[in-house]
Amino acid sequence: MPDRYEEPGRVARVGNTVIRWLAEVGVSIAGSRALTVRGRRSGLPRHVVVNVLSSEGVDYLVSPRGQTQWVRNARAAGEVELGPRWARRRMAVTEIADEAKPQLLRRYLARWHWQVKGVVLGLTPESGDSELAAAAPSFPVFALSRY
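The structure displayed is predicted, hence computed values, not measured ones. (Residues numbered from 1 in each chain as written. Predicted model: local features only at pLDDT ≥ 70, side-chain atom pairs only at ≥ 80, totals over all residues. Heavy atoms only, no water.)

Undergrad: Help me understand the nonpolar core, please; the structure alone is not making it clear to me.
TA: Core analysis: the biggest nonpolar cluster contains 19 residues, and Tyr60, Leu105, Val120, Leu123 and Val141 have the highest contact counts within it. Elements that contribute at least two residues to this core include exactly strand S3 (58–62), helix H3 (101–116), helix H4 (129–135) and strand S6 (141–146). At six residues, the largest contribution of residues to this core is made by H3. Aside from chain neighbours lying at most four places away, what touches Tyr60 is Asn51, Val52, Leu53, Ser55, Ile96, Leu104, Val141, Phe142 and Ala143. Core analysis: the next-biggest nonpolar cluster, separate from the first, contains 15 residues, Leu35, Leu82, Met91 and Val93 among them. (Core = buried A, V, L, I, M, F, W, Y, C linked by side-chain atoms within 4.5 Å. Buried < 20%, exposed > 50% of the residue type's maximum accessible area, 1.4 Å probe, protein only. Helix = DSSP H or I, 4+ residues; strand = E, 2+ residues; numbered from the N terminus. Contact = heavy atoms within 4.5 Å.)

Undergrad: I would appreciate a short explanation of the pattern of salt bridges in the present structure.
TA: For side chains of opposite charge, pairing can occur when their charged atoms come near one another. This structure, assessed with the given rule, holds eight salt bridges. Between Arg4 and Glu6 there is a salt bridge, with its nearest N and O atoms 3.6 Å apart. Owing to a relative accessible area of 27%, Glu6 belongs among the partly exposed residues under this scheme. A salt bridge links Arg85 to Glu24, with the shortest nitrogen-to-oxygen separation between them at 3.1 Å. Taken together, the positions of Arg85 in the loop between strand S4 (79–82) and strand S5 (89–95) and Glu24 in helix H1 (residues 10–24) put the pair 61 residues apart, joining distant regions of the chain. Judged by relative accessible area, Arg85 falls into the partly exposed class, the value being 46%. Residues joined in a network through salt bridges with shared partners are Arg20, Glu24 and Arg85. (Salt bridge = Lys/Arg side-chain N within 4 Å of Asp/Glu carboxyl O.)

Undergrad: Honestly, the environment of Ser42 in this entry has me stumped. Any pointers?
TA: Counting through the fold element by element, Ser42 comes out in the loop between strand S1 (32–38) and strand S2 (45–55). Its relative accessible area of 41% is what places Ser42 among the partly exposed residues. Within the structure, the side chain of Ser42 is placed 3.1 Å from the backbone nitrogen of Leu44, a separation counted as a polar contact. A polar contact is formed between the side chain of Ser42 and the side chain of Arg46, at a distance of 3.1 Å. (Polar contact = N/O pair within 3.5 Å; in protein donor to acceptor, adjacent residues only side chain to side chain.)

Undergrad: Would you mind going over the pairing of S2 with me for this structure?
TA: Regular strands place side chains that alternate from one sheet face to the opposite one. The sheet contact formed by S1 and S2 spans seven bridges and is antiparallel. Note on S2: the bridge partner recorded for Leu35 is Val48. As consecutive antiparallel partners, S1 and S2 are separated by six residues, and within that stretch Gly43 has a phi angle of approximately 80°, a positive value. In this sheet, S3 lies alongside S2 in antiparallel orientation, the contact comprising four bridges. Bridged to Ser55 within S3 is Val58. The antiparallel pairing of S2 with S3 creates a hairpin that spans two residues between the two strands, and Glu56 there sits at a positive phi of about 55°. (Pairing = 2+ DSSP bridges.)

Structure follows, in structure tokens:
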């Protein structure tokens with residue numbers, strides 16, 4: 001699995017902090033949701049903001065920046081919590097195989113390309129199937145399911 005990680009710059013980190021705070025109090029910006037995951041080493045809760053992609057009745061988490069800390073923590077924990085502070089829901093995460101990712105990546109890019117265009121290896125919603133398939137291993141994708 002490629003270890004690509006697009007580290008956010010200072011402006012992105014500040015913006016993500018503000019958007020995460022808003023998501024934690026229940027205000028969603030363009031579909032943003034607060035995600036909490038247990039740290040794989042510390043065991044402490046870690047908080048980030050993510051975009052949840054809904055497709056054919058299933059919710060997915062896509063990591064446009066690659067192998068982030070929340071991705072590694074979600075793999076180790078096997079679960080995450082989503083939602084504002086007062087209504088978090090515990091969800092199981094199942095990693096999606098690379099073969100199933102191209103259509104999900106296309107849908108994700110169609111919705112959030114404006115937000116992630118600098119970290120998605122030049123992909124666009126119009127990228128071809130072969131381009132998306134070649135890039136799929138660099139983008140962790142998880143299906144969410146309730147306990």
